[in-house]
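Observations on the model geometry
Each chain is listed here by its residues.
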Amino acid sequence: SSGINAEWPLRPGGSHASVGEGEISDPILLEHNRGAGNPHYTGWTWRVSIANCGGYFLYKIPRLHPSYNYAGLVVDDDPSAVCKAGRYTVTDDRNRLVSSTAVTNSADNTLKLGWYRLTAGLGYMPENKFVGTQCSTYYHGHLRDPHPQDDEIQRNQVEFISTNRNSVVARRSAWVKKCDGFYLYRLRETPNHQYRYCEATEGCKNARTLTDNWRINSRRVLTGRYETSYFGNDGWVTFSQGLKRLPEAPPPKSVGGCTYNGYIDSHPSKEEGAVSRTMRFPGSTKEEQIQVQNCGDKYVYFLTRSIQNDYCYVADTDVCDAQHYTVITDERRLQYSFAYGTGHTRFNLDNQFNGWIRYKIGKGRLMEQPPALDGMCTTELQGWVNGEHPTPDEGVVKRELCWRYQQKDCYSKGEISIKNCGGFYVYGIATPPPNNQYGHCVGTLPW
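Everything numeric in this text was worked out from a predicted model, so none of it was measured.

Right, let's talk about unusual backbone geometry for a bit. With a phi close to 60°, lysine 244 is a non-glycine residue in the positive phi region. Structurally, the position occupied by lysine 244 is in the loop between strand E14 (235-239) and strand E15 (260-261). A positive phi angle is found at threonine 378, which is not glycine, with a value near 55°. Tracing the backbone shows threonine 378 in the loop between strand E21 (356-359) and strand E22 (381-386). By relative accessible area, threonine 378 is classed as buried at 3%.

Attention shifts here to the pairing of strand E24 (residues 408-420). Of the pairings in the sheet, the one linking strand E23 (residues 396-405) to E24 comprises nine bridges and is antiparallel in character. By the bridge assignment, tyrosine 405 is partnered in E24 with lysine 408. Between E23 and the antiparallel strand that follows it, E24, lie two residues; glutamine 406 among them carries a positive phi value of about 50°. As paired elements, E24 and strand E25 (residues 425-428) share four bridges and run antiparallel to each other. Counterpart to lysine 419 in the pairing with E25 is valine 426. Where E24 folds back onto E25 in an antiparallel hairpin, the turn is made up of four residues, including glycine 422, whose phi is positive at roughly 70°.

This brings us to the packing of aromatic side chains. Taken as a whole, this structure holds 12 aromatic pairs when the rule is applied. Aromatic pair tryptophan 403 and tyrosine 438: ring centres 5.0 Å apart, planes at 85°, arrangement edge-to-face. Here tryptophan 403, found in strand E23, pairs with tyrosine 438, found in strand E26 (residues 438-440); they are 35 residues apart in sequence, far enough to count as distant. Judged by its relative accessible area of 3%, tryptophan 403 is buried. Classification of tyrosine 438 as buried rests on a relative accessible area of 11%. Residues tyrosine 405 and tyrosine 411 carry aromatic rings whose centres are separated by 5.0 Å and whose planes lie at 70° to one another, so their mutual orientation is edge-to-face.

With that out of the way, let us pick up the environment of alanine 249. On the secondary structure map, alanine 249 appears in the loop between E14 and E15. Residues alanine 249 and arginine 280 lie 31 residues apart in sequence; the distance between their C-alpha atoms is 9.6 Å.

Let's shift gears to the state of the cysteines. Here a disulfide denotes one covalent bond, and it connects the sulfur atoms of two cysteines. Taken as a whole, this structure holds six disulfides when the rule is applied. Cysteine 83 shares a disulfide with cysteine 179; S-S distance 2.0 Å. The S-S bond linking cysteine 83 to cysteine 179 shows a torsion near -80°; that makes this disulfide left-handed. Of this pair, cysteine 83 sits in the loop between strand E5 (71-73) and strand E6 (89-91) while cysteine 179 is found in the loop between strand E10 (168-178) and strand E11 (183-187), placing the two residues 96 residues apart along the sequence.

Within a sheet, neighbouring strands are paired by backbone hydrogen bonds and run either parallel or antiparallel to one another. One open sheet holds the five strands; their spatial order is E13-E14-E18-E17-E16, and the pairing between them is mixed. Of all the strands in the sheet, just strand E13 (208-210) and strand E16 (275-280) have a single pairing partner and so form its edges. Averaged over all adjacent pairs, the angle separating strand axes in this sheet is 40°, with direction ignored. Relative to strand E17 (residues 287-294), E16 runs antiparallel, the two being bridged by six bridges. Bridge pairing links arginine 277 to isoleucine 290 in E17.

The nonpolar side chains of a soluble globular protein tend to be buried, and buried together. Judged by nonpolar contacts, the single largest core of 18 residues is most densely connected at Ile357, Tyr359, Leu366, Ile416, Ile418, Tyr427 and Val442. For this core, the secondary-structure elements that each account for two or more residues are E21, E22, E23, E24 and E25. With three residues, the single largest contributor to this core is E23. The contact partners of tyrosine 427, leaving out residues within four places of it in the chain, are Gly355, Trp356, Ile357, Tyr359, Gly364, Arg365, Leu366, His389, Ile416, Ser417 and Ile418. Counting 17 residues, the second-largest nonpolar core is a separate cluster that includes Tyr260, Tyr301, Tyr311 and Tyr313.

The next thing to look at is the sheet that holds E26. A sheet is described by the order of its strands in space; here seven strands give the open sequence E20-E21-E25-E24-E23-E22-E26, paired in mixed fashion. The outermost strands of the open sheet, each flanked by one partner alone, are strand E20 (325-328) and E26. Averaged over all adjacent pairs, the angle separating strand axes in this sheet is 40°, with direction ignored. Relative to E21, E20 runs parallel, the two sharing four bridges. Counted as the bridge partner of valine 327 is arginine 358 from E21.

We now examine the environment of serine 99. Here serine 99 lies in the loop between E6 and strand E7 (114-118). For serine 99, a relative accessible area of 31% corresponds to the partly exposed category. Each C-alpha atom of the pair serine 99 and alanine 207 lies 8.4 Å from the other, and the pair is 108 residues apart in sequence.

About the cut-offs
- Residues numbered from 1 in each chain as written.
- Predicted model: local features only at pLDDT ≥ 70, side-chain atom pairs only at ≥ 80, totals over all residues.
- Heavy atoms only, no water.
- Helix = DSSP H or I, 4+ residues; strand = E, 2+ residues; numbered from the N terminus.
- Buried < 20%, exposed > 50% of the residue type's maximum accessible area, 1.4 Å probe, protein only.
- Pairing = 2+ DSSP bridges.
- Phe/Tyr/Trp six-rings, centres within 6.5 Å; stacked < 30°, edge-to-face > 60°.
- Disulfide = S-S within 2.5 Å.
- Axes fitted to C-alpha atoms, helices over the stretch in contact; angles between N-to-C directions.
- Core = buried A, V, L, I, M, F, W, Y, C linked by side-chain atoms within 4.5 Å.
- Contact = heavy atoms within 4.5 Å.

This is the structure:
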């Protein structure tokens, strides 16, 4: 028999091709494979003989020891056969959806071992961790590894995450099969009634809106409202502030409510569906993998509240709008303002500023080459942009900001965001200088 419901499949270790038509093989050791994630080993008491009857095979199978009540013999099959209707169970249980937050008394502790197809949401299990009351249960299951991209049946593992913390509390072995247009999962019962296998949710229909007025990358406030306390359940969200999307260049430090605010390099097209992106936080080495989807009229993001304190999600904004930047007219920043060593005066704004700035002095833009002499720009460490300024069509870009000191053109460096507003530039200080010995240099010449 097929043994499709056997948890520990046993398979002949010898080759059928070695048995000629009309022949009977010598007894062959059976290989014992204990399931996904565990190496197989060869048993020492179970042997099977194979008879080739010309068109089909017969097997002389020994009686297995009663202790192996979960063992079964597996018939070789075309890997695609499991995708045929009748070989799997369809479940359209909406309680499995990541967006389902009402805890129910039913879970997967009574699930029968077998192949399952999920049809209530996007048709596949989530691959990312999330915290909160999701999937109508306290411990929700997601795949540890990515889904297979070919037609082979892949071993994987389901990890169950606690509602209250981003930690794995249990695991279950699983098999995953990619069929034509859908996935199948070979699953078994969960540890108890508080555990459930989850199904990914369509973000465009289920995203909730973050309405906090401090979630904007030009608002120079520190609220102390960390995501661990204010974000709510992990899941799909969209923004109501600013441009209603995450920034695509490093935001200035200490805006949008926290010291460290996230950005991604790019957004997907509508045709790409939900894709993965790396969220980075200027001034920190921390990175987060998130999901992003273009819904046509908005972007939605699968985000988690379990990031560290002082890390926030903020919306991008039109930084060319005068309400979102500060104008600086201090001529000490000019390229040929030279007072170092002769009544040099330090200024504090550059190392304390935490938003977008516009210079209305000189040519209105930072130098793209290092100053020629120490002390220019009335400062000891002179800041200049190591790269070209963007065109208006490029939007906000990130550039390297170098600090010249003691004849070293790039004594130290950081990041700066720049936007060409079609007549002037604005700068977002992603990594502010550490003290008031640092100052930005604004050019006075046309190059």
